[in-house]
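Architecture at a glance
Next come the chains, spelled out residue by residue.
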Amino acid sequence: MKIAVGSDHAGFELKKSVITWLQDHGHEGIDMGPYTEESVDYPDYARKVALSVADGSSDQGILLCGTGIGVSISANKVKGIRAALVFNPEFATLARQHNDANIICFSARFTDKETIEKSLHNWFATPFEGGRHQRRVEKIEPCC
Ligand code: RB5
């Protein structure tokens, strides 16, 4: 799959290892920046990744910032995006199974590389369950 990957300065190092993990596991990781460790604003990169998923240029996205909170809030402002902040592999499974999440967000400061990789494994191995979850996901719409 084609996966858009972005971060801020806090997620910069882990973004590199996520892209390597994607390549090692048969995916195409598109690095949407930043490209240096300089301090940046996470909404700029979250929006780039979210727009790429929303317009179909990428199949899914991965975002990292210090807590993962800023990138997930920002990505979820884009119509059609269901960005899930994931702390462990079980969250990754449920985000796909129940929420049909299309962007996975991580905290670069509170989640280690091994947990991120196990979470990515589950994320890509888990399909959306549909059924009652389909109705719920369809109700996730901007309302005002
Ligand atoms: C940057 O210091 C930090 O605020 C950012 O990475 C993120 O945690 C925001 O949600």
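Let us look at the structure shown here. The model shown is predicted, which means the values in this text are computed figures rather than measured ones.

Here 4 bridges tie strand β1 (residues 2–7) to strand β2 (residues 28–31), and the two strands are oriented parallel to one another. Bridge pairing in β2 places A4 opposite I30. Where the polypeptide runs from β1 across helix α1 (residues 12–24) and back to β2, its parallel neighbour, the crossover connection is right-handed.

Moving on to the nonpolar core. Across soluble globular proteins, nonpolar side chains show a tendency to be buried alongside one another. Of all hydrophobic cores here, the largest spans 21 residues; its most connected members are V18, L22, I62, I104, F106 and L120. Contributing elements (two or more residues each) for this core: β1, α1, β3 (60–65), α4 (89–97), β5 (103–107) and α5 (113–125). In terms of residue count, the dominant contributor to this core is α1 (5 residues). In this structure L22 touches I3, V5, H27, G29, I62 and F124, once residues within four positions along its chain are discounted.

A full pass over the atoms with the stated rule returns 2 aromatic pairs. Ring centres of F87 and F91 lie 5.9 Å apart, and the angle between their planes is 75 degrees; on these two criteria the pair is classed as edge-to-face. When its relative accessible area of 42% is taken as the criterion, F87 is described as partly exposed. Classification of F91 by relative accessible area gives partly exposed; the value is 41%.

Definitions and limits used
- Residues numbered from 1 in each chain as written.
- Predicted model: local features only at pLDDT ≥ 70, side-chain atom pairs only at ≥ 80, totals over all residues.
- Heavy atoms only, no water.
- Pairing = 2+ DSSP bridges.
- Helix = DSSP H or I, 4+ residues; strand = E, 2+ residues; numbered from the N terminus.
- Right-handed = clockwise from strand over helix to strand, strands pointing away.
- Core = buried A, V, L, I, M, F, W, Y, C linked by side-chain atoms within 4.5 Å.
- Buried < 20%, exposed > 50% of the residue type's maximum accessible area, 1.4 Å probe, protein only.
- Contact = heavy atoms within 4.5 Å.
- Phe/Tyr/Trp six-rings, centres within 6.5 Å; stacked < 30°, edge-to-face > 60°.

Just distances and angles here, no functional claims.
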